[in-house]
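What follows is the residue order along each chain.
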Amino acid sequence: MHRETDMRIGFLGIGGMGAAIALRLQAAGHDVHAWNRTPAALQPLLAAGVTAAADAAGAAAQPVVFSMLADDAAVDAVLEQGGALAAMPAGAVHVNMATVSVDCTQHLAAAHAARGVGYVAAPVFGRPDAAAAGKLHVLAAGASAAVAQVRPLLEAIGQRVWPFGDDPARASAVKLAGNFMLAAAIESMAEASTLAQAYGVAPADFLGLMSETLFASPAYRGYGTLIAARRFEPAGFRLRLGFKDVRLAQAAADTQAVPMPFASVLRENFLDAIAHGAGELDWSALSEVSARRAGQRG
């Protein structure tokens, strides 16, 4: 039985993150209509009451639409080429949770405004397990009325909503900057643990020390554990997507003439990892590049 506050929500993109978020919204009592390019991905959600939409436009014809798509190209293919944006009714609000370029965000904000549809950029920090537990950190930027309308939904999927004003590009820039910092942390752990291992110190011992003392934070603890155990599957965040985000951070920096020299190092190391077949592994597999160059991997 639905309460007055329950909403009909369209959801586009049911990957690992999208599925967990859609299930959180359904569990909160909302009526979720989901679409995915690969329909089989929807099957686990149907038992929880999620409705499968026949196409992207059908999912998008709701008062509120969430999307969690892979990249700029997927967003364009679904929203504009696939007709999802055209199907959104005037007065609806679209919450885009994907990590996309600043240019893409600015284009989408203008395209939505031209149709009378609200646009909220709401990328998140957290992996699929955090999404399933409602522990994401949700960024939010867009017109204040649009953000206020969807804020209860964002609070249902995250432990905290972080507002960044009325320009959606700010949320995209913050997300790219944050992912750059995570990639830099993975690289620093990789190089430092490789150095320690060269002197007979097990990566688990070194990274255990660092993540409990000088770098006692979720990122260092979580990724340090994965690096030490070389546990790169299943991927919480695929390495090829990390490479995409570093490139998007570089592009955003170029637009504002912001030097980011270490981003170039990360880009080359991501390319090295992808060339060695690690693109579909968790992005903590970036650590293998340093170890392999030091002769610690075959």
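Structure shown above.
Worth saying up front: this structure is predicted, and the values here are computed from it rather than measured.

Novice: Where do I start with the nonpolar core in this structure?
Specialist: As a rule of thumb, soluble globular proteins bury nonpolar side chains together. In terms of nonpolar packing, the biggest core is built from 35 residues, with Phe 11, Ile 21, Leu 25, Phe 66, Met 97, Val 138 and Leu 154 touching the most fellow members. Residue assignment for this core shows that the elements contributing at least two residues are strand E1 (8-12), helix H1 (16-27), strand E2 (31-35), strand E4 (64-67), strand E5 (93-96), helix H7 (128-132), strand E8 (136-140) and helix H8 (144-157). Beyond its immediate chain neighbours, meaning those up to four positions away, Ile 21 contacts Phe 11, Met 68, Met 97, Ala 131, Leu 136 and Ile 157.

Novice: It is not clear to me how helix H10 (residues 203-212) should be interpreted in this structure. Could you clarify?
Specialist: Helical periodicity: at 3.6 residues per turn, an α-helix aligns residues three or four positions apart in one direction. What H10 keeps buried is the set Pro 203, Phe 206, Leu 207, Met 210 and Ser 211. Each buried residue of H10 sits inside an arc of 120° when the element is viewed along its axis, so together they form one side. Within H10, the exposed residues directed more than 90 degrees away from the buried face are Asp 205 and Glu 212. For H10, the secondary structure elements touched by its buried residues are helix H9 (168-198) and helix H11 (218-229).

Novice: Looking at this structure, how should I read the sheet that holds E5?
Specialist: Taken in spatial order, the 6 strands make up an open sheet running E3-E2-E1-E4-E5-E6, and their pairing is parallel. In this open sheet, the two strands that pair with only one neighbour each are strand E3 (51-52) and strand E6 (118-121). Across 4 bridges, the pairing between E1 and E4 is parallel. Bridging from a neighbouring strand, Ile 9 pairs with Val 64 of E4.

Novice: Looking at this model, I keep getting lost on the packing of H9 against H10. Mind explaining?
Specialist: Helices that pack against each other are described as a pair by the angle of their axes relative to one another and the distance between those axes. Two elements in contact, H9 and H10, have axes separated by 9 Å at closest approach and are oriented at 130°. The orientation of H9 relative to H10 falls into the category oblique. Pair H9 / H10 crosses with right-handed handedness. Contacts between H9 and H10 involve Met 189, Ala 192, Ser 193, Ala 196 and Gln 197 from the former and Pro 203, Phe 206 and Leu 207 from the latter. Residues that form the contact of H9 with H10 fall into these classes: 6 nonpolar, 2 polar and no charged.

The rules behind these values
- Residues numbered from 1 in each chain as written.
- Predicted model: local features only at pLDDT ≥ 70, side-chain atom pairs only at ≥ 80, totals over all residues.
- Heavy atoms only, no water.
- Core = buried A, V, L, I, M, F, W, Y, C linked by side-chain atoms within 4.5 Å.
- Buried < 20%, exposed > 50% of the residue type's maximum accessible area, 1.4 Å probe, protein only.
- Helix = DSSP H or I, 4+ residues; strand = E, 2+ residues; numbered from the N terminus.
- Contact = heavy atoms within 4.5 Å.
- Arc of directions from axis to C-beta.
- Pairing = 2+ DSSP bridges.
- Axes fitted to C-alpha atoms, helices over the stretch in contact; angles between N-to-C directions.
- Parallel < 35°, antiparallel > 145°, perpendicular 65-115°, else oblique.
- Left-handed = near helix turned anticlockwise from the far one by under 90°.
- Nonpolar A, V, L, I, M, F, W, Y, C, P; charged D, E, K, R; others polar.

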